[in-house]
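These are the residues of each chain, in order.
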Amino acid sequence: MQRYFKGLAGVLLASLCAGTWAGEYSLTVDPVTIDTGDFRKQGIGYNGASPGPILRFREGEDVTIHVTNNLDEPTSVHWHGLILPFQMDGVPGLSYPGIAPGETFTYRFAIKQSGTYWFHSHSGFQEPDGAYGAIIIEPQGREPFRYDRDYVVQLTDKHPHSGDRIMRNLKSSADYYNRQQQTVGDFWRDSRERGLAATLKDRLMWGDMRMMSSDIEDVQGFTGLINGKGPEQNWSGLFQPGERVRLRLINSSAMTYFDVRLPGLKMTVVQADGNNVQPVTVDELRIGVAETYDVIVQPKEDRAYTLFAESMGRSGFARGTLAPREGMQGEIPELRPAPLLTMADMGMAHAGMEHGEMAGMDHGSMNHGDMAGMDHGSMNHGQAAAMPADPFYAQGSGLIPQAYNDGRFLSYADLRAQKPLYEERAPTREIELRLTGNMERYIWSINGIKESDAEPIRLQYGERVRFKFVNETMMTHPMHLHGMWSILDVGAGQWNPVKHVISVAPGTTVYMETEVDAPGKWAFHCHLSYHAAAGMFRTVIVEGGPQGGDS
Amino acid sequence: MKRLMIPLLLASASAGAEQMRHSMHHGYFYGVRVDALEYRHGDSGEELGYWSADAWWGTDELKARWLSEAEYSFDHDSWETLDNRLALQTPISDFIDLRGGLRFDTPDGENRQYAFVGLTGLLPYWLEMDSNVYLSEHGDVSVDLALEYELLLTNRLHLTPELELDAALSDDEAVGVGRGLSSLEAGLRLSYDLVDRAIAPYVGVHYERAFGRTADYVAEKGEEREGWFAVAGLRLMF
């Protein structure tokens, strides 16, 4: 309460004096107990809860945030997606040393943007252990869409094991958490459906590579949460029939991509990663780890609508409800069959793969002919060929999403900026980042080098750099650059969407451009917690520009 | 105030870079795995206890390992095998590690120490492989090869065939090893992952056979050259 008074007083004072807003906020980092309905565990939260509070800022506001560490280990708070001086970015070792136990660190920065974001710890595995919260920033001007209600929908994947233990288990045995591996039963079923020879050939091909077509989710066995509530606890948002409801979808998972839908409702996507996009109406969307999407739904009937978020690998789900009255429930859909990777996801087109083994498979005919036959029944009924091409998935990929009702599934290719943030100009240079790894050893890297062995990426202030991501692994990586915007190349020129996380599917090449306008040291990493920790991480140093990085 | 803070922060941030490597990017890990902790009941009535365990600590690049294997005869109250190894292990390819170190055989009876070097890792088609060359303190050279495959009946019920072959280049009569192919062990175990992958009870069969001169040594001791065992045990991983 005091916080709000202080904030209000500050706001009034500041607006009288300087015509700007100023707010003061306090966060404590606390040990908490997390109850998912399936299990209880010790975790980390903010202001005594996980997720922490929803921080509400205003564009143009000067915020002061006091963060007090009540843990017995160091912590840090990173303001995910916020454009700020690097000293305020909250990455231990890059921005500052972190926050020691018992200490308070005060963040001060100006809010230069609006939209939906989130914050989380950047220390150890505190984020998987519960240290996250949502940020809503009100714009100065009017928003280009209307809504009557506004809910944060923060998705997470809570696991009974601690983050440290998960990492250790993955290092001991990379398939520790994969309980969707192909079994003898699957072999017989596939043999019946597709013939013994084809099935045998498929298994031998994967076996020869010592890789698994089921290696889509590294960490299974989680309970999906919405705003801290498990499927049984059923987070609910109320509406009056006919109202337009804004859902601020935030994926704060450690490892899980979610396919989100509200059966019976269409979602109009109006914002991606905090930036307005030209509205696009879809039936379902895939939200990568650390991404945010704002969607507007308009439930017209006097009934409960289920908000269903299946993990991409179908090993778990989060569930909530939109309802006209408290306590109502909608039908909970069944999880769809787990997809399987195909040879197309193995990066057949890329130079970096072992040529010897791959050469024989590196053919279009492979992908379209043989492979189509091998695309599993579970892989959306073997209709790979019939599916429309999506440039953000490899042709014939097992991961190409399909809407639950055969309707429209959001693609990156659908995203267009509402208003360009930057003037369109040619990039000054291109930097290739191959996303690499060794599944069996659970080592993740960029250009074959782990962060601990890598030189920082040096950028010059004032550049516009084009990044080329080449995913040579069989996993999807949500790449997150701190401090500067990631302009995703969807081929729309100045209307390319502006994001802070770029998801790169296996077997694909994706481009993004960055206006290098923020001096200092920044983190650039895969946002899958255990991939970042295992080395898929780079330090970015922006040289030149305003002294000290405080603009 | 703000301007004053910045150089200070910069200084402390660079001092913290090393700290980040340790706090963010945990470089060191450990693991303990007991592949077998089992009771064996032989076809001629003998009862044995057996374990095979592996504890490691280190980085992606270098691991220190303690490997232990033991066979205890309840009939004779004696250690038939008691083998401990200290080893260092480093990757030499995507799937294969080079491993080397010292092996201490201290069963009841004659002891032996060996230096050993070997390859371990995953072969194509998911075959787990472990193969070593040993040089004993007396200059005797021997080799072994172990292969294992985990067949997934379901994602929790596993059938694991395994095969181990031992051979020696010379006789070491004191420890009962003869020149040539000395012994073969084969096992088939059906396990169920009861608690994650941490606790998996299993049942199975185990077959052992000694060959050539090794078989003669076995016979001289009044033991069987070959034997079938019914086994029951636990696999542990933590």
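Residues numbered from 1 in each chain as written. Chains lettered and ligands numbered in written order. Predicted model: local features only at pLDDT ≥ 70, side-chain atom pairs only at ≥ 80, totals over all residues. Heavy atoms only, no water.

## A few points about the overall build of chain B
Along chain B, the regular secondary structure elements total three helices and 13 strands. The proportion of buried residues among the 238 residues of chain B is 40%. In chain B, the proportion of contacts linking residues at least 24 apart, taken out of those at least 6 apart, comes to 43%. Total accessible area on chain B is roughly 12,300 Å²; 61% of this is exposed by carbon and sulfur atoms. (Helix = DSSP H or I, 4+ residues; strand = E, 2+ residues; numbered from the N terminus. Buried < 20%, exposed > 50% of the residue type's maximum accessible area, 1.4 Å probe, protein only. Contact = heavy atoms within 4.5 Å. Areas by Shrake-Rupley, 256 points an atom, 1.4 Å probe, with all protein chains shown as cover.)

## Focus on the nonpolar core
Ranked by size, the top nonpolar core spans 138 residues in total, and within it Trp79 and Tyr107 of chain A carry the most contacts. When residues of this core are assigned to their parent elements, the largest contribution, five residues, is made by strand 8 (residues 132-138) of chain A. If near-sequence neighbours (up to four positions away) are discounted, Trp79 of chain A is found in contact with Leu27, Leu55, Ile65, Leu84, Met88, Asp89, Tyr107, Phe109, Trp118, Phe119 and Ile135 of chain A. Formed by six residues, the second largest nonpolar core is a distinct cluster that contains Leu48, Tyr50, Tyr202 and Val231 of chain B. (Core = buried A, V, L, I, M, F, W, Y, C linked by side-chain atoms within 4.5 Å.)

## Considerations on the pattern of salt bridges
Residue and element names in this part refer to chain A. Scanning all chains against the criterion turns up 58 salt bridges over all chains. Notably, a salt bridge pairs Arg194 with Asp190, separated by 3.1 Å at the nearest N-O pair. With Arg194 and Asp190 both in helix 3 (residues 184-194) and four residues apart, this pair spans about one turn of that helix. For Asp190, a relative accessible area of 0% corresponds to the buried category. A salt bridge links Asp489 to Arg466, with the shortest nitrogen-to-oxygen separation between them at 3.0 Å. Of the two residues, Asp489 sits in the loop between strand 25 (486-488) and strand 26 (498-499) while Arg466 sits in strand 23 (residues 464-471), which places them 23 residues apart along the sequence. Since its relative accessible area comes to 16%, Arg466 is described here as buried. Overlapping salt bridges, with partners in common, bring together Glu424, Arg425, Glu430, Arg464, Arg466, Asp489, Glu513 and Glu515 in one network. (Salt bridge = Lys/Arg side-chain N within 4 Å of Asp/Glu carboxyl O.)

## Some thoughts on the packing of aromatic side chains
One pass over the structure, following the stated rule, counts 27 aromatic pairs over all chains. With a centroid separation of 4.7 Å and 55 degrees between ring planes, the pair formed by Tyr176 of chain A and Tyr177 of chain A is classed as tilted. An aromatic cluster is built from Tyr46, Trp79, Tyr96, Phe105, Tyr107, Phe109 and Phe119 of chain A, whose rings are joined through pairwise contacts. Here the basic side chain of Lys63 of chain B rests over the ring of Trp56 of chain B, its NZ or CZ set 5.2 Å away from the ring centre. (Phe/Tyr/Trp six-rings, centres within 6.5 Å; stacked < 30°, edge-to-face > 60°. Lys NZ or Arg CZ within 6 Å of the ring centre and 35° of its normal.)

## Regarding the side chain of Thr156 of chain A
Mapped onto the fold, Thr156 of chain A is located in strand 9 (residues 149-158). Leave out the neighbours within four places in its chain, and Thr156 of chain A touches Tyr132, Thr223, Gly224, Leu225, Ser252, Ser253 and Phe258 of chain A.

## Digging into the confidence of the model for chain A
Residue and element names in this part refer to chain A. Summing up the model confidence of chain A, the mean pLDDT is 90 and the portion of residues at 70 or higher is 88%. Of the regions scoring below 50 in pLDDT, residues 1-18 engages in 16 contacts with residues more than four places distant in sequence or in other chains. Segment residues 349-386 is flagged for pLDDT under 50; beyond a separation of four residues in sequence, or across chains, it makes 63 contacts in the model. (pLDDT = per-residue confidence, 0-100.)

## Remarks on the interface of chain B and chain A
Each partner contributes to the interface: chain B provides 46 residues, whereas chain A provides 57 residues. Carbon and sulfur atoms make up 57% of the surface buried where chain B meets chain A, a total of about 4,500 Å² over both sides. For the pair chain B and chain A, the number of links is six salt bridges. We note a salt bridge from Asp196 of chain B to Arg165 of chain A, for which the minimum N-O separation is 3.9 Å. (Buried area = accessible area lost by both parts, 1.4 Å probe.)

## What to know about a nonpolar patch on the surface
Residues and elements named next belong to chain B. Taken together, the side chains of Leu37, Tyr192, Leu194, Val195, Ile199 and Leu234 define a hydrophobic patch exposed on the protein surface, amounting to about 480 Å² of accessible area. Mapping Ile199 onto the fold places it in strand 12 (residues 199-210). With relative accessibility at 34%, the residue Ile199 sits in the partly exposed group. (Patch = residues over 30% accessible without salt bridge, like charges linked within 9 Å, V, L, I, M, F, W, Y side chains within 5 Å.)

## Observations regarding a negative patch on the surface
All names here are of chain B. Negative charge collects at one region of the surface, where Asp43, Glu47, Asp75, Asp77, Glu80, Asp108, Glu223, Glu224 and Glu226 lie side by side. Secondary-structure assignment places Asp43 in the loop between strand 1 (29-42) and strand 2 (47-58). The exposure class of Asp43 is exposed, given its relative accessible area of 52%. (Lys, Arg positive; Asp, Glu negative; His and termini not counted. Charge placed at Lys NZ, Arg CZ, Asp CG, Glu CD.)

## Thoughts on the sheet that holds strand 23 of chain A
All names here are of chain A. Spatially, six strands are ordered 21-20-23-28-25-26 in an open sheet, and the strand pairing comes out mixed. The strands lining the two open edges of the sheet, one partner per strand, are strand 21 (443-446) and strand 26. Pairing geometry for strand 25 and strand 26, over two bridges, is antiparallel. Across the sheet, residue Ser486 finds its bridge partner in strand 26, namely Lys499. (Pairing = 2+ DSSP bridges.)

## Focus: the side chain of Ser52 of chain B
All names here are of chain B. The residue Ser52 is located in strand 2 in this model. Ser52 gets classed as buried once you look at its relative accessible area, which sits at 18%. Setting aside residues no more than four positions away along its own chain, Ser52 makes contact with Arg33, Val34, Asp35, Ala36, Ser68 and Glu69.

## A few points about the pairing of strand 4 (residues 61-69) of chain A
Residues and elements named next belong to chain A. Most of strand 4 sits inside the fold, with seven of its nine residues counted as buried. As defined by bridge partners, strand 1 (residues 21-35) adjoins strand 4 across nine bridges and the pair is classed as parallel. Paired with Trp21 across the strands is Glu61, a residue of strand 4. In this structure, strand 4 lies alongside strand 6 (residues 104-110), joined through seven bridges in antiparallel fashion. Looking at the pairing, Asp62 lines up with Ala110 of strand 6.

## Regarding unusual backbone geometry
With an omega dihedral of 0 degrees, the bond running from Ser50 of chain A to Pro51 of chain A counts as a cis peptide bond. You can see Pro51 of chain A is positioned in the loop between strand 2 (40-46) and strand 3 (55-58). The backbone phi angle of Arg314 of chain A is positive, close to 60 degrees, even though this residue is not glycine. Its place among the elements puts Arg314 of chain A in the loop between strand 18 (305-311) and strand 19 (317-323). Residue Arg314 of chain A is classed as buried on the basis of its relative accessible area, which comes to 10%. Backbone geometry at Tyr125 of chain B places phi at a positive 65 degrees, although glycine is not the residue there. Relative to the elements of secondary structure, Tyr125 of chain B occurs in the loop between strand 6 (112-123) and strand 7 (127-136). Residue classification places Tyr125 of chain B among the partly exposed residues on the basis of a relative accessible area of 39%.

## A few points about the sheet that holds strand 16 (residues 284-287) of chain A
All names here are of chain A. Pairing is mixed in the open sheet, where five strands are placed in the order 11-19-18-13-16. The open sheet has two edge strands with one neighbour each: strand 11 (235-238) and strand 16. The sheet shows a mean angle of 20 degrees between the axes of neighbouring strands, direction not considered. Inspection of the sheet shows strand 18 paired to strand 19 by six bridges, in the antiparallel sense. Across the sheet, the residue bridging to Ala309 is Ala318, located in strand 19. (Axes fitted to C-alpha atoms, helices over the stretch in contact; angles between N-to-C directions.)

## Details of the pairing of strand 15 (residues 275-282) of chain A
All names here are of chain A. Examined bridge by bridge, strand 14 (residues 267-272) and strand 15 share five bridges and lie antiparallel to one another. Within strand 15, the residue paired with Val269 across the bridge is Val280. Taken together, strand 14 and the strand that follows it, strand 15, pair antiparallel across an intervening segment of two residues, in which Asp273 is found at a positive phi of about 50 degrees.

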